[in-house]
Amino acid sequence: MRPFPLLAAAVLLLASLPAPAEDAPLDAALKSFEAGEYAKAAEAAAKVAADDPLYAKSRYLRGESLLALGDPAGAEKEFLAGLERKPESQALQAGLGRALLAGGQHEKALVPLQKAVKSDGKDPVARRALGECLLALQRTAEGRKELEQAVKLDPKDPLAARSLAEFLLRMGEAEAAGRVAEGLAKADPRSAMAPFLRGLALDRQGKSKEAIAAYEDALEKDPRFLDAHKNLAILCIADNPSYTDGERTRKALDHFGKYFELGGKDEELKSTYETIKSFMGGNRGK
């Protein structure tokens, strides 16, 4: 998948501050972030001193890096430090809201996210986060509206499309979720998320053969797509409880294996994986 996206409004924050020298810590941090090396980016951004005019910018970048590393509490502290220096920053407000949202603090996340969207209603990432926050607070109609707006603002954003499609599936609107997938595919034909979402919608409609093909399409576009490996493996055994379909069983084993090789952590699935391996091993030569 592509590197963790910076907020569109971050462009305003970066433009409002002096450009760093080529060898400055912030320049190194930005290059590492863009390369997907988030730990290195966080470490480099931390070197910017509190009296540096680029301090707020460095806190934003460090916060984004920590969010990408799965540390919302650490990210929250960085965004708050940046806001102390630059309280009007839309990017920092949105970052704070997304950190709080990632940490499960939905009520607290709502205020900075609403501020960010009010400041820049054309920022699709902030709108997506606000939509997800509203859904978590059971404000369904408002959340759906924000997610739809996020997809409209950036039709190529895979995360916005996924949030909207998964919401629609929870609401029992599989065909609508399929249309979200097709919209993403049209906007970005190279997107691995588009066929993945198509697979989710087809699976919900009971079209397992077509769903398997869609997940395989996603993996052709991104062989490291963890959830595509997981869903494909599960689907290959869902209608094959006794493992009588050898082809599907072997395919399930292959994708379960890829899922865990790539860092998958689902312990229940690991138990299923070991059971299938044991079964297939005991039936060799029969």
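Everything that follows concerns the structure shown earlier in this document.
Thresholds, definitions, all that
- Residues numbered from 1 in each chain as written.
- Predicted model: local features only at pLDDT ≥ 70, side-chain atom pairs only at ≥ 80, totals over all residues.
- Heavy atoms only, no water.
- Helix = DSSP H or I, 4+ residues; strand = E, 2+ residues; numbered from the N terminus.
- Polar contact = N/O pair within 3.5 Å; in protein donor to acceptor, adjacent residues only side chain to side chain.
- Contact = heavy atoms within 4.5 Å.
- Expected span 1.5 Å × (residues − 1).
- Buried < 20%, exposed > 50% of the residue type's maximum accessible area, 1.4 Å probe, protein only.
- Phe/Tyr/Trp six-rings, centres within 6.5 Å; stacked < 30°, edge-to-face > 60°.
- Lys NZ or Arg CZ within 6 Å of the ring centre and 35° of its normal.
- Axes fitted to C-alpha atoms, helices over the stretch in contact; angles between N-to-C directions.
- Left-handed = near helix turned anticlockwise from the far one by under 90°.
- Nonpolar A, V, L, I, M, F, W, Y, C, P; charged D, E, K, R; others polar.
- Core = buried A, V, L, I, M, F, W, Y, C linked by side-chain atoms within 4.5 Å.
- Salt bridge = Lys/Arg side-chain N within 4 Å of Asp/Glu carboxyl O.
- Parallel < 35°, antiparallel > 145°, perpendicular 65-115°, else oblique.

S.K.: Is there a simple way to think about the side chain of Glu78 in this case?
M.R.: Among the secondary structure elements, Glu78 is positioned in helix α5 (residues 72–85). Among the polar contacts made by the side chain of Glu78, one reaches the side chain of Arg62 at a distance of 3.1 Å. In this structure, Glu78 is in contact with Arg59, Arg62, Gly63 and Leu66, ignoring residues within four places of it in sequence.

S.K.: How do you make sense of helix α6 (residues 90–102) when you look at a structure like this?
M.R.: For the α-helix, the turn length of 3.6 residues means that residues three or four positions removed from each other point alike. Here α6 contains 13 residues, and its C-alpha end-to-end distance of 18 Å stays within 8% of the 18 Å for a straight helix at 1.5 Å per residue. Counting buried positions over the 13 residues of α6 gives 12, a clear majority of the element. Buried residues of α6: Gln90, Ala91, Leu92, Gln93, Ala94, Gly95, Leu96, Gly97, Arg98, Ala99, Leu100 and Leu101, and no others. Sitting at the head of α6, Ser89 places a side-chain oxygen 3.4 Å from the backbone nitrogen of Ala91. Once α6 ends, the next one or two residues include Gly104, with phi positive near 80°.

S.K.: How should unusual backbone geometry be read in this particular structure?
M.R.: Negative phi characterises most residues that are not glycine, and trans characterises most peptide bonds. Of note in the backbone geometry, Gln138 takes a positive phi value of approximately 65° without being a glycine. With relative accessibility at 65%, the residue Gln138 sits in the exposed group.

S.K.: Just to check I follow, could you spell out the environment of Gly172 for this structure?
M.R.: Residue placement: Gly172 occurs in the loop between α10 (158–170) and α11 (174–187). In sequence terms Gly172 and Gln205 are 33 residues apart; their C-alpha atoms lie 9.8 Å from each other.

S.K.: Can you help me understand the packing of aromatic side chains in this one?
M.R.: Centre-to-centre distance and the angle between the planes together describe a pair of aromatic rings. Applying the stated rule across the entire model yields 7 aromatic pairs. Both rings, one in Phe33 and one in Tyr38, keep their centres 5.3 Å apart while their planes meet at 65°; by these two values the pair is edge-to-face. The pair formed by Phe33 and Tyr38 is uniform in burial state, with each residue classed as buried. Clustering of aromatic rings is evident, with ring pairs tying together Phe256, Tyr259, Phe260 and Tyr273. Over the ring of Tyr273 we find Lys277; its NZ or CZ atom is 4.5 Å from the centre of that ring.

S.K.: I keep staring at the packing of α6 against helix α8 (residues 124–136) and nothing clicks. Help me out?
M.R.: For any two helices packed against each other, one specifies the inter-axial angle together with the distance between the axes. Interhelical geometry of α6 versus α8 gives an angle of 35° and a closest axis separation of 10 Å. As α6 runs across α8, the sense of the crossing is left-handed. Taken together, the residues of α8 that come into contact with α6 (itself represented by Gln90, Ala94, Arg98 and Leu101) are Val125, Ala126, Ala129, Glu132 and Cys133. Its residues assigned to classes, the contact of α6 with α8 shows 6 nonpolar, 1 polar and 2 charged.

S.K.: Can you walk me through the nonpolar core in this structure?
M.R.: Here is a general trend for soluble globular proteins: nonpolar side chains tend to be buried in one another's company. Counting 46 residues, the largest nonpolar core has Leu168, Phe196, Leu197, Phe225, Phe256 and Ile276 as the members making the most contacts within it. Listing elements by their share of this core, those giving two or more residues are α10, α11, α12 (193–204), α13 (208–221), α14 (226–238), α15 (246–261) and α16 (267–282). With 25 residues, the next largest nonpolar core counts Leu92, Ala116, Cys133 and Leu134 among its residues.

S.K.: For this particular structure, what's the right way to read the pattern of salt bridges?
M.R.: A side chain of one charge can pair with a side chain of the opposite charge when the charged atoms of the two come close. Counting across every chain of the model gives 21 salt bridges. With a shortest N-O distance of 3.3 Å, Asp27 and Lys31 are connected by a salt bridge. A residue pair is termed a helical-turn pair when its members lie 3 or 4 positions apart in one helix, as Asp27 and Lys31 do in helix α2 (residues 25–34) at 4 residues. Judged by relative accessible area, Asp27 falls into the buried class, the value being 12%. Owing to a relative accessible area of 49%, Lys31 belongs among the partly exposed residues under this scheme.

S.K.: Explanation requested: the environment of Ser242 in the structure shown.
M.R.: Structurally, Ser242 can be placed in the loop between α14 and α15. Here Ser242 falls in the partly exposed class, since its relative accessible area comes to 48%. The spacing of Ser242 and Phe279 is 37 residues in sequence and 9.7 Å in space, taken between C-alpha atoms.

S.K.: Whenever I open this one, α5 confuses me. Can you help?
M.R.: Between the first and last C-alpha of α5 there are 20 Å, a value that for 14 residues agrees with the 20 Å anticipated at 1.5 Å per step. All buried positions along α5 are accounted for by Pro72, Gly74, Ala75, Glu76, Glu78, Phe79, Ala81, Gly82 and Leu83.

S.K.: Can you help me understand the packing of α2 against helix α4 (residues 55–68) in this one?
M.R.: Taken N-terminus to C-terminus, the directions of α2 and α4 make an angle of 30°; their axes are 11 Å apart at the nearest point. On the basis of their axis angle, the class for α2 and α4 is roughly parallel. Like other packed secondary-structure pairs, α2 and α4 cross with a definite hand, here left-handed. Seen from α2, the contacting residues are Leu26, Ala29, Leu30 and Phe33; seen from α4, they are Lys57, Ser58, Leu61, Glu64 and Ser65. By residue class, the composition of the contact of α2 with α4 is 5 nonpolar, 2 polar and 2 charged.

S.K.: Got a minute to help me understand the environment of Ala233 in this structure?
M.R.: Take Ala233: it is sitting in helix α14. Separated by 22 residues in the primary sequence, Ala233 and His255 place their C-alpha atoms 5.3 Å from one another.

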